[in-house]
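Structural characterization, general
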Amino acid sequence: MSNTLSIDDKIFLTKIAEEVIKRRLTTPSIFFLEMMKPLNFVSSQAMIFFGPIISAFVKTDGYYKAAEIFENHHSVEFLIQEIERLDKNE
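This text gives an overview of the structure that appears in the document. Since the structure is predicted, the reported quantities are computational estimates derived from the model, not experimental observations.

Quick look at the packing of helix H1 (residues 7-22) against helix H5 (residues 73-89)
The interhelical angle for the contact between H1 and H5, taken along N-to-C directions, is 50°, at an axis separation of 9 Å. Relative to H5, H1 is oriented oblique. For the element pair H1 and H5, the recorded crossing hand is right-handed. On the side of H1, the interface is formed by Lys10, Leu13, Thr14, Ile16, Ala17, Glu18, Val20 and Ile21, while H5 contributes Ser75, Phe78, Leu79, Glu82, Ile83, Arg85, Leu86 and Asp87. Tallied by class, residues from the contact of H1 with H5 come to nine nonpolar, two polar and five charged.

Okay, structure coming up:
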């Protein structure tokens, strides 16, 4: 995977950031993402591994897309910046 995010990836991450803001989880989300930043690739692989189990319980429309996006090191930083940007605008 390349080091840059596609427009579709950015739109997907922006939608996640909007949900975080809507649910008022800005601070815990940023703390969690900052802690997990060094492990984002490992976490994305864990998401793929547990995908069949999770899909038995919840809809996985964007689940595998998220796992693919989080393989990219820049995705977590982009998501943090989007959450902060949207939180300032609210």
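Examining the pattern of salt bridges
Scanning all chains against the criterion turns up seven salt bridges. The partner of Glu19 in a salt bridge is Lys22, and the shortest N-O contact between them spans 3.2 Å. Residue Glu19 and its partner Lys22 are both found in helix H1; the two are separated by three residues, about one turn of the helix. Judged by its relative accessible area of 31%, Glu19 is partly exposed. Residue Glu19 pairs with Arg23 through a salt bridge whose shortest N-O separation is 3.1 Å. Among the ionic contacts, a cluster of salt bridges with common partners joins Glu19, Lys22 and Arg23.

Focus: the packing of helix H2 (residues 26-36) against H5
Contact geometry for H2 and H5: axes closest at 10 Å, N-to-C directions at 160°. Comparing the axis directions of H2 and H5 gives the class roughly antiparallel. Remark: the crossing between H2 and H5 carries left-handed chirality. Across the interface between the two elements, Thr26, Ser29, Ile30, Leu33 and Glu34 from H2 touch Val76, Leu79, Ile80, Ile83, Glu84 and Asp87 from H5. Across the contact of H2 with H5, the residue classes tally to six nonpolar, two polar and three charged.

Topic: the packing of aromatic side chains
Inspection of every chain in the model, using the stated rule, returns two aromatic pairs. Judged by centre distance (5.4 Å) and plane angle (90°), the ring pair of Tyr63 and Tyr64 falls under edge-to-face. Take Tyr63: its relative accessible area is 15%, and that puts it in the buried class. Against the face of Phe12 rests Lys65, its NZ or CZ located 5.7 Å from the ring centre.

Topic: unusual backbone geometry
Leaving glycine out, the prevailing phi sign among residues is negative, and the prevailing peptide bond configuration is trans. Non-glycine residue Arg24 carries a positive phi angle of around 60°. Within the element layout of this structure, Arg24 appears in the loop between H1 and H2. A relative accessible area of 72% places Arg24 in the exposed class.

About the thresholds
- Residues numbered from 1 in each chain as written.
- Predicted model: local features only at pLDDT ≥ 70, side-chain atom pairs only at ≥ 80, totals over all residues.
- Heavy atoms only, no water.
- Axes fitted to C-alpha atoms, helices over the stretch in contact; angles between N-to-C directions.
- Helix = DSSP H or I, 4+ residues; strand = E, 2+ residues; numbered from the N terminus.
- Parallel < 35°, antiparallel > 145°, perpendicular 65-115°, else oblique.
- Left-handed = near helix turned anticlockwise from the far one by under 90°.
- Contact = heavy atoms within 4.5 Å.
- Nonpolar A, V, L, I, M, F, W, Y, C, P; charged D, E, K, R; others polar.
- Salt bridge = Lys/Arg side-chain N within 4 Å of Asp/Glu carboxyl O.
- Buried < 20%, exposed > 50% of the residue type's maximum accessible area, 1.4 Å probe, protein only.
- Phe/Tyr/Trp six-rings, centres within 6.5 Å; stacked < 30°, edge-to-face > 60°.
- Lys NZ or Arg CZ within 6 Å of the ring centre and 35° of its normal.

In short, shape yes, function no, at least from these values alone.
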